[in-house]
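# Examination of the molecular architecture
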Number of protein chains: 2
Amino acid sequence: MAKSNLDLVQECDRFPYYQDDPAAYTTHMKNYHSFRVKGYDLVLGYILNEVVDRFDWPKEFWTINPAERTVTLLGSTPAERNQAVAQTLATAVKQDRFEVLRGWRNELYPVFGPGGEFLLEMERCASPLFGIVSYGIHATAYVEDENGLRLWVPRRSKTKQTYPSMLDNTVAGGMSTGERPYECLVREAMEEASLPEDVVRANARAAGCVSYTYVRDNRAGGETDLVQPEVEYVYDIKLSADVIPKPNDSEVEEFCLLTVEETKEALARGEFKPNCAVVLIDFFIRHGLLTPENEKDFLEILTKIHRRLEFPTASHVTR
Amino acid sequence: MAKSNLDLVQECDRFPYYQDDPAAYTTHMKNYHSFRVKGYDLVLGYILNEVVDRFDWPKEFWTINPAERTVTLLGSTPAERNQAVAQTLATAVKQDRFEVLRGWRNELYPVFGPGGEFLLEMERCASPLFGIVSYGIHATAYVEDENGLRLWVPRRSKTKQTYPSMLDNTVAGGMSTGERPYECLVREAMEEASLPEDVVRANARAAGCVSYTYVRDNRAGGETDLVQPEVEYVYDIKLSADVIPKPNDSEVEEFCLLTVEETKEALARGEFKPNCAVVLIDFFIRHGLLTPENEKDFLEILTKIHRRLEFPTASHVTR
C-alpha cells in the first residue's frame, strides 16, 4: 500500500511524545536508563535497559543506578570522559557484545552540554547505544528549468552496511567532532557526488534543519529499538542542467534526475532511506509543492520534522 | 538592549514545555481548566482559572468540574454547541466581564476535533479566553534584484486596537470558519496591501507554516496571560520592483521596502509585532540568510516556531 507523507515521517520520528499520552509515555520511559555525565544535572541520551545489561561498566569510569535508571559517566574533563568511553567500547568490541559495533567507522561524534559546551566524543557507530544526538547535513541538488523541477537522486550501493540499495539525498553525511555544517557539505558533495567545491559554494543555500527521534529498525542493521535523535542541517543546491553529479566512491550506485512526480512515487513506495524522505518532504514544503491544501497532514508533518529534542544540542556558529 | 532572534521567538512561543521541567510544568498547569466538549476525550484549549471564575456558565450548556479543572461544553451537534457558546458570550458582553470581548469582530473561528472534525465555532475575540487554536496566513512580499533582497514591510495604524504602530508582515490575516489558506491570502492581499488577485496567484508560493503557543501580554490589549496557540500558514510573494503594495484600509499606515539589514535591525529593536517577527525569522532561515553558522540558537528557534500543539488541529486540504 502506498505510504502517505505522514507515514514516512512517522517511520523516522518514532519516539513517543509525552503530550500524546502522558501515562503511556511514562511507562515507555521505563525501558531506558538515562545517560548522564557527573557534575551536570542533565540527560544526554536514552540507553535501552538491555544495552545497559549487556555492557561491562568498569566502576572507575561509570556509576550505574538501577533504581533511578541512570548511567553516569565519571571524569571531570572531556579527555578523561573520552578515554573512559573509548576503553569501555574497546572491551565491548573485543567481546563482540553488540552488532552495531561491528560497523566501526573511526569517526568521532561529539556530545554537548548546556550552551553547546563540548562534554565528550565517542565512536560514531556507538552513538545509538547511548541514544545521543547526532548531527549531519543533507543537501538536495535540483534543476529548475523549462522542464520543471527535477531532483538529483542517488541510489545507495547494494553492499552498503546500512539501507543497501535504497534511494538517498544527493549529498548527506554525518558531522564529526569539530566539523561545521557548511564544511561538511562541501566535503561530502565531492566525496559522494563529485561536485566540485566552487560549484557547491556558488549554488548551495542553507535552508533550515530537520530534527526527529529515530528508533532503529531492521533496515538500519544491528540491534533494533535503539534511540537515535538526529539533527540534519538542510541545504538546497540549484544546479544548471549541465552539472551532473557522479558517484565518487563505492557507496553510491548511480544518480538519476527525477521529476517531482517520480520522486513522490518513489517516496510512496518506501524506496527512500527514512531520514532522506523527511528531508525531501521538507524540500517539497519549502518549495510550495506540498501545501496546506494538498497535504492533509501538513501541520503534523511540519511539527514532527522539527522535533524539539529533550537533550542539550550543539551550536555550530562560527565564532 | 538588542533582542536576539531567540528572544523574539520566546516572546511569541511563551507557553512552557513539559520536557524542560516536568515538575514546573505540572505546577503551571494548575492555573488552567481544560476546555472540553461532551462526548470527546480531548482537550481543546486552556482556560485561565480567573476566566473560569469570571464567566457565568449556565448549567444547561456547561459542566464545570473544579476538582479536575475542566469546563465541558454540552450539546451534541455543532449547532447546539455554537448556540450555547454564543449565548454565554452575549451575557458576558452585556455585563462587560472581559476587556478582550470589547473588541468584538463579528468573525467566527472554528474549533476542530480529531481528524479535523468541525466541533464548533466562536467569535474571534473570545478565542483567547478559551485558549483554542487559531489559524491564519502570513505572507512576505519581497523583491530580489541587483539591489539584493528587500522586503515589503507595513506599519500598523496608530489607532489599531492591537499592537498599534508596530511593524507587520506584508499580508496577514485570520482564517474564519470554512475559509481556506490560499483563499484567505488572496482576500487579505487585496484588503491590506491592494495587491490584485492575479498578481498574488502568479507570484505567491506556499512555504510551510509556523506554530507556537503565545501567552498574551499588555501589547495585545485586554486581559493578559491568556493562552493563544496559533498556526500561521506562510507564503512568499516574489514581486518585481514595479509592483508596490499600498494601504487599502485604515489598518495600515504605510509600506516600506526594507533591506535584509534594515529588517534585522528593526527586529532587534523589537519593532515588529511578535508573531510577525517569527514569520520573518522563518523566511530568513528558508532563504539562507540565517544559517547554523551565523545564528547561535538555530536549532532552538526552528523547533520552537514549529511547536507541536497539544490540541487537535485543522486539516485545510481541498477535497
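Everything numeric here is computed off the predicted structure, so don't read it as measured data.

Attention now goes to the overall build of chain A. Within chain A, the regular secondary structure consists of 10 helices and 12 strands. Expected size for 319 residues packed as a compact globule is a radius of gyration near 20 Å; at 20 Å, chain A falls within 12% of this value. Projected onto its principal axes, the C-alpha coordinates of chain A cover approximately 65 × 40 × 40 Å. Split into buried and exposed, the 319 residues of chain A put 58% on the buried side. Within the structure as shown, chain A displays about 12900 Å² of accessible surface, and the carbon and sulfur contribution to it stands at 49%. Mean positive and mean negative side-chain charge positions of chain A (36 and 50 charges, respectively) differ by 3 Å.

In this section: the side chain of Glu295(B). Relative to the elements of secondary structure, Glu295(B) occurs in the loop between helix H9 (274–286) and helix H10 (298–304). Buried and unpaired, Glu295(B) has Lys296(B) as its nearest opposite-charge partner, separated by 5.4 Å. Separated by 2.8 Å, the side chains of Glu295(B) and Asn5(B) make a polar contact. Contact partners of Glu295(B), with chain neighbours within four places excluded, come to Val317(A), Asn5(B), Leu290(B) and Ile301(B).

Attention now goes to helix H9 (residues 274–286) of chain A. Residues and elements named next belong to chain A. Its 13 residues give H9 an end-to-end C-alpha distance of 19 Å, which sits within 8% of 18 Å, the value for a rise of 1.5 Å per residue. For H9, the buried fraction is high: 13 of the 13 residues fall into the buried class. Positive backbone phi, approximately 75°, marks Gly 288, located one or two places after H9.

Next up on the list: the environment of Phe130(A). Residues and elements named next belong to chain A. Turning to its location among the elements, Phe 130 is positioned in helix H5 (residues 127–130). Of the residues examined, Phe 130 reaches a relative accessible area of 1% and is grouped as buried. Apart from residues no more than four positions distant in its own chain, Phe 130 is found in contact with Phe 35, Gly 45, Tyr 46, Ile 47, Phe 55, Trp 57, Trp 62, Leu 89 and Met 122.

Further remarks concern the pairing of strand E10 (residues 204–215) of chain B. Residues and elements named next belong to chain B. Across the 12 residues that make up E10, a large majority, 11, are buried. Where E10 meets strand E11 (residues 227–238), 10 bridges bridge the pair, whose relative direction is antiparallel. Within E11, the residue paired with Tyr 212 across the bridge is Glu 230.

This part takes up the relation of the copies chain A and chain B. Laying chain A over chain B is done by rotating through 180° and shifting 0.0 Å along the axis; what remains is an RMSD of 0.0 Å. The two molecules are tied by a two-fold rotation axis, judged by turn and shift. No C-alpha of chain A lies nearer the rotation axis than that of His306(A), which sits 3.1 Å from it. When the interface residues of chain A are mapped onto chain B, 100% of them are again interface residues, pointing to one common binding face.

Here we take up helix H8 (residues 260–268) of chain A. Residue and element names in this part refer to chain A. Listed in full, the buried residues belonging to H8 are Val 260, Thr 263, Ala 266 and Leu 267. Down the axis of H8, the smallest arc covering the buried residues is 125°, so these residues share one side. On its buried face, H8 sits against helix H1 (5–12), strand E8 (148–156), strand E12 (252–259) and H9.

Sheet strands line up and pair through hydrogen bonds in the backbone, either parallel or antiparallel. Residue and element names in this part refer to chain A. Overall, mixed pairing links the 4 strands, which are arranged E2-E1-E4-E3 in an open sheet. The open sheet is flanked by strand E2 (45–48) and strand E3 (62–65), the only strands paired with a single partner. For this sheet, the mean angle separating the axes of adjacent strands, direction not counted, is 25°. Strand direction decides the pairing type here: strand E1 (residues 32–37) and E2, joined by 4 bridges, are antiparallel.

Residues and elements named next belong to chain B. Taken together, the 4 strands give an open sheet; going across it, the order is E2-E1-E4-E3, and neighbouring strands pair in mixed fashion. Edge positions in the sheet fall to strand E2 (45–48) and strand E3 (62–65), since each of these pairs with one other strand and no more. The sheet shows a mean angle of 25° between the axes of neighbouring strands, direction not considered. Pairing geometry for strand E1 (residues 32–37) and strand E4 (residues 70–73), over 4 bridges, is parallel. Note that in E4 the partner of Arg 36 across the bridge is Thr 72.

Opposite charge on two side chains lets them pair, provided their charged atoms get close. Taken as a whole and judged by the stated rule, the model has 54 salt bridges over all chains. With its nearest N and O atoms 2.8 Å apart, the salt bridge here joins Glu197(A) to Arg201(A). Of this pair, Glu197(A) and Arg201(A) both sit in helix H7 (residues 197–203), 4 residues apart, which is roughly one turn of that helix. A relative accessible area of 47% means that Arg201(A) is categorised as partly exposed. A salt bridge links Arg286(B) to Asp236(B); the shortest N-O distance between them is 2.9 Å. With Arg286(B) in helix H9 and Asp236(B) in strand E11, this residue pair connects regions lying 50 residues apart in the sequence. In this pair, the class of Arg286(B) matches that of Asp236(B), namely buried.

So, on to the interface of chain A and chain B. The interface of chain A with chain B comprises 43 residues on the first partner and 43 residues on the second. Together chain A and chain B conceal approximately 3600 Å² of surface at their shared face, both sides included; 57% is due to carbon and sulfur atoms. By the criterion of area lost to chain B, the three top residues of chain A are Glu293(A), Leu299(A) and Arg308(A), representing 24% of everything that side buries. Counting every contact that joins chain A to chain B gives 4 salt bridges. As a salt-bridge pair, Glu300(B) and Arg308(A) come within 3.1 Å of each other at their nearest N and O atoms. Across the contact surface, chain A and chain B share 18 residue pairs in polar contact (both at pLDDT 80 or more). Elements with a contribution of two residues or more to the side of chain A that touches chain B: helix H6 (181–193), strand E10 (204–215), strand E11 (227–238), H9 and helix H10 (298–304) of chain A. Residue classes in the side of chain A that touches chain B are distributed as 17 nonpolar, 13 polar and 13 charged.

A few words on the side chain of Thr72(A). Within the fold, Thr72(A) resides in strand E4 (residues 70–73). With near-sequence residues (within four places) excluded, Thr72(A) lies in contact with Arg36(A), Val37(A), Lys38(A), Phe61(A), Trp62(A) and Thr63(A).

Regions with low pLDDT should not have their predicted coordinates read in detail. Averaged over all residues, the pLDDT of chain A equals 96, while 100% of them reach at least 70. For this predicted complex, the interface confidence comes out at an ipTM of 0.96, alongside a pTM of 0.97.

Moving on, we come to the nonpolar core. Phe35(B) and Phe130(B) are the most contacted members of the largest nonpolar core, which has 108 residues in total. Considering every element that reaches this core, the biggest residue donor is H9(A), with 9 residues. Formed by 106 residues, the second largest nonpolar core is a distinct cluster that contains Leu120(A), Val215(A), Val227(A) and Cys12(B).

The next point concerns the packing of H1(A) against H9(A). All names here are of chain A. Contact pair H1 / H9: the axes reach a minimum separation of 8 Å and the direction vectors enclose 130°. Taken together, the axes of H1 and H9 lie oblique to each other. In terms of crossing hand, the pair formed by H1 and H9 is left-handed. Contact residues: Asn 5, Leu 8, Val 9 and Cys 12 in H1; Pro 274, Asn 275, Ala 277, Val 278 and Ile 281 in H9. Classifying every residue of the contact of H1 with H9 gives 7 nonpolar, 2 polar and no charged.

Procedures and definitions
Residues numbered from 1 in each chain as written. Chains lettered and ligands numbered in written order. Predicted model: local features only at pLDDT ≥ 70, side-chain atom pairs only at ≥ 80, totals over all residues. Heavy atoms only, no water. Helix = DSSP H or I, 4+ residues; strand = E, 2+ residues; numbered from the N terminus. Rg over C-alpha atoms; globule rule 2.2 N^0.38 Å. Buried < 20%, exposed > 50% of the residue type's maximum accessible area, 1.4 Å probe, protein only. Areas by Shrake-Rupley, 256 points an atom, 1.4 Å probe, with all protein chains shown as cover. Lys, Arg positive; Asp, Glu negative; His and termini not counted. Charge placed at Lys NZ, Arg CZ, Asp CG, Glu CD. Salt bridge = Lys/Arg side-chain N within 4 Å of Asp/Glu carboxyl O. Polar contact = N/O pair within 3.5 Å; in protein donor to acceptor, adjacent residues only side chain to side chain. Contact = heavy atoms within 4.5 Å. Expected span 1.5 Å × (residues − 1). Pairing = 2+ DSSP bridges. Least-squares fit on C-alpha atoms with pLDDT ≥ 70 in both. Arc of directions from axis to C-beta. Axes fitted to C-alpha atoms, helices over the stretch in contact; angles between N-to-C directions. Buried area = accessible area lost by both parts, 1.4 Å probe. Nonpolar A, V, L, I, M, F, W, Y, C, P; charged D, E, K, R; others polar. pLDDT = per-residue confidence, 0-100. Core = buried A, V, L, I, M, F, W, Y, C linked by side-chain atoms within 4.5 Å. Parallel < 35°, antiparallel > 145°, perpendicular 65-115°, else oblique. Left-handed = near helix turned anticlockwise from the far one by under 90°.

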